[in-house]
Amino acid sequence: MLKEISVLIQKELTLEWRQKFALNGILLYVVSAVFITYLSVGAKQGNISSPTWNALYWIIILFSAVNAVAKSFVQEHQGRQLYYYMIASPEAIILSKIIYNTGLTLLLALLGYGVFSVILGNPVHDQGLFLLNLILGAMGFSASLTMVSGIASKAGNNATLMAILSFPVIIPILLMAIRISKNAMDGLDWSVSADKLISLLAINAIVAAAAYILFPFLWRS
């Protein structure tokens, strides 16, 4: 299975490189959203508070992740899916997509963090805790959105269905990530955020396990 996963991840990278316009569009979305925020919330006068910075950052990253992960199964036409069905196990397919989307979401999150820091300033005091939170948040967004994207693809790639199904899963991850980020901005000790980190890690594990168990039944349909 490890060989199948590595080959499938290489396939995802090759397709992304051939369709650079999609990735470039997402990167442009992140930079444009931050710049519009800079112009609209009075950040030029330096009066943006840390909670506002935190909330705006995670909202932009969430929508960037949705745009990036939504195409996981949309770009796979039926002929290609039938080919995958014959050469790879469904477990390898879903794990490869989750791993690839985690890397892509983390890249967008780091890019957004860099652009936010340059344009809006950087109020984060504990960089280590904030970056660990970014990794866990990217994993949670990717696992849940990848599974929901697979479900939506079986329903005719209905974007509305994906938004409805992903909402109950994404909100707990988003709220937990925002709380941990607030602690990192305030420079609080890691022990204050330990229970939230464990909860976020547990949510990620549950979502990934559910995707691993349920996706084969979805794939066979």
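Residues numbered from 1 in each chain as written. Predicted model: local features only at pLDDT ≥ 70, side-chain atom pairs only at ≥ 80, totals over all residues. Heavy atoms only, no water.

Describing the UniProt feature "transmembrane region" (unreviewed entry) in the chain
Inclusion rule: UniProt positions are given in the numbering used here, feature names are shortened, and annotations may be inferred rather than shown by experiment. The numbering of helices and of strands both runs from the N terminus, where a helix is a DSSP run of H or I of at least 4 residues and a strand a run of E of at least 2.
Within the UniProt annotation, "transmembrane region" (unreviewed entry) is assigned to residues 21-41, 53-70, 106-124, 131-153, 159-178 and 198-219. Note that residues 53-70 is 94% helix and 0% strand, and that its end C-alpha atoms are spaced 26 Å apart. Across residues 198-219 one finds 100% helix and 0% strand; the C-alpha atoms that close the span lie 31 Å apart.

Some details on the packing of helix H1 (residues 2-18) against helix H6 (residues 90-120)
Rule in force here: The angle between two axes is taken between their N-to-C directions and runs from 0 to 180 degrees, where each axis is a line fitted to C-alpha atoms and a helix contributes only its stretch in contact. If an angle is under 35 degrees, it is roughly parallel; if it is over 145, roughly antiparallel; if it lies from 65 to 115, roughly perpendicular; otherwise it is oblique. Should the near helix be turned counterclockwise from the far one by less than a right angle, the crossing is left-handed, whereas a clockwise turn marks it as right-handed. A contact between two residues is defined here by any heavy atoms of the two lying within 4.5 Å.
At a closest axis distance of 9 Å, the pairing of H1 and H6 adopts a crossing angle of 50°. In terms of orientation, H1 and H6 fall into the oblique class. Read as a crossing pair, H1 and H6 show a hand that is right-handed. Of the residues in H6, those in contact with Glu 4, Ile 5, Leu 8, Ile 9, Lys 11, Glu 12, Leu 13 and Glu 16 of H1 are Ala 92, Ile 93, Leu 95, Ser 96, Lys 97, Ile 99, Tyr 100 and Leu 104.

What about the nonpolar core?
Applied cut-off: Here, nonpolar core refers to any group of buried Ala, Val, Leu, Ile, Met, Phe, Trp, Tyr and Cys residues whose side-chain atoms link them within 4.5 Å. The classification of residues rests on relative accessible area computed with a 1.4 Å probe and restricted to protein chains. Under 20% of the type maximum is buried, over 50% is exposed, and intermediate values are partly exposed.
Within the largest apolar cluster, 36 residues are counted, with the highest numbers of intra-cluster contacts made by Trp 53, Tyr 57, Phe 130 and Phe 141. Put simply, the parts of the chain that give this core at least two residues each are helix H2 (20-40), helix H3 (50-69), H6, helix H7 (127-154), helix H8 (159-186) and helix H9 (190-220). Per-element tally for this core: the top contributor is H8, with nine residues. Residue contacts for Trp 53: discarding those within four places in its chain leaves Ile 48, Tyr 113, Phe 116, Leu 120, Gly 121, Pro 123, Val 124, Phe 130 and Met 185. Phe 73, Ala 92, Ile 94 and Val 207 belong to the second largest nonpolar core, which has 17 residues in total.

Details of the packing of aromatic side chains
Here is the rule we go by: Paired rings are identified among Phe, Tyr and Trp, the last through its six-membered ring, by centres lying within 6.5 Å, and are further divided according to the angle between planes into stacked (under 30 degrees), edge-to-face (over 60) and tilted (the rest).
The full count for this structure, using the stated rule, is 10 aromatic pairs. With a centroid separation of 6.4 Å and 85° between ring planes, the pair formed by Trp 53 and Tyr 113 is classed as edge-to-face. Of this pair, Trp 53 sits in helix H3 while Tyr 113 sits in helix H6, placing them 60 residues apart in sequence. Comparing Trp 53 with Tyr 113, the two get one shared label, buried. What links up through ring pairs into an aromatic cluster is the set Trp 53, Tyr 57, Trp 58, Tyr 113, Phe 116, Phe 130 and Phe 141.

Things to note about the packing of H6 against H9
Basically, it comes down to this: Each residue is assigned to one class: nonpolar for Ala, Val, Leu, Ile, Met, Phe, Trp, Tyr, Cys and Pro, charged for Asp, Glu, Lys and Arg, and polar for all the others, Gly among them.
Direction vectors running N to C along H6 and H9 enclose 120°, while the axes themselves pass 8 Å from each other. As far as their axial angle goes, H9 and H6 are oblique. Note that H6 runs across H9; the crossing there is right-handed. For the pair H6 and H9, contact is made by Pro 90, Glu 91, Ile 93, Ile 94, Leu 95 and Ile 98 and by Ala 211, Tyr 212, Phe 215, Pro 216 and Trp 219, respectively. For the contact of H6 with H9, a count of residues per class yields 10 nonpolar, no polar and one charged.

Here we look at the pattern of salt bridges
For clarity, the cut-off: Each reported salt bridge corresponds to a side-chain nitrogen of Lys or Arg within 4 Å of a carboxyl oxygen of Asp or Glu.
Per the counting criterion, the structure on display carries one salt bridge. The salt bridge involving Lys 182 is made with Asp 186; its shortest N-O contact spans 2.7 Å. Of this pair, Lys 182 and Asp 186 both sit in helix H8, four residues apart, which is roughly one turn of that helix.

A few points about H6
Under the convention used in this document: Working rule for helices: expected span equals 1.5 Å times residues minus one.
The end-to-end C-alpha distance of H6, which contains 31 residues, comes to 43 Å, matching closely the 45 Å that a straight helix rising 1.5 Å per residue would cover. Following H6 by one or two positions, Gly 121 adopts a phi angle in the positive range, close to 90°.

Some remarks on the environment of Ile 178
Note on placement: Ile 178 falls in helix H8. Separated by 119 residues in the primary sequence, Ile 178 and Ile 59 place their C-alpha atoms 9.7 Å from one another. Once you skip the residues sitting within four places of it in the chain, Ile 178 turns out to touch Asn 54 and Trp 58.

Quick word on H7
This is how it is decided: We define a polar contact as two N or O atoms separated by no more than 3.5 Å, with the added condition that, inside protein, one atom must be a possible hydrogen donor and the other a possible acceptor, whereas residues neighbouring each other in sequence contribute only through side-chain atom pairs.
Look at H7: 41 Å from first C-alpha to last across 28 residues, which is about the 40 Å you get at 1.5 Å a residue. With 20 of 28 residues buried, H7 is to be regarded as a mostly interior element. A side-chain oxygen of the first residue of H7 lies 3.4 Å from the backbone nitrogen of Gly 128; this N-cap is Asp 126.

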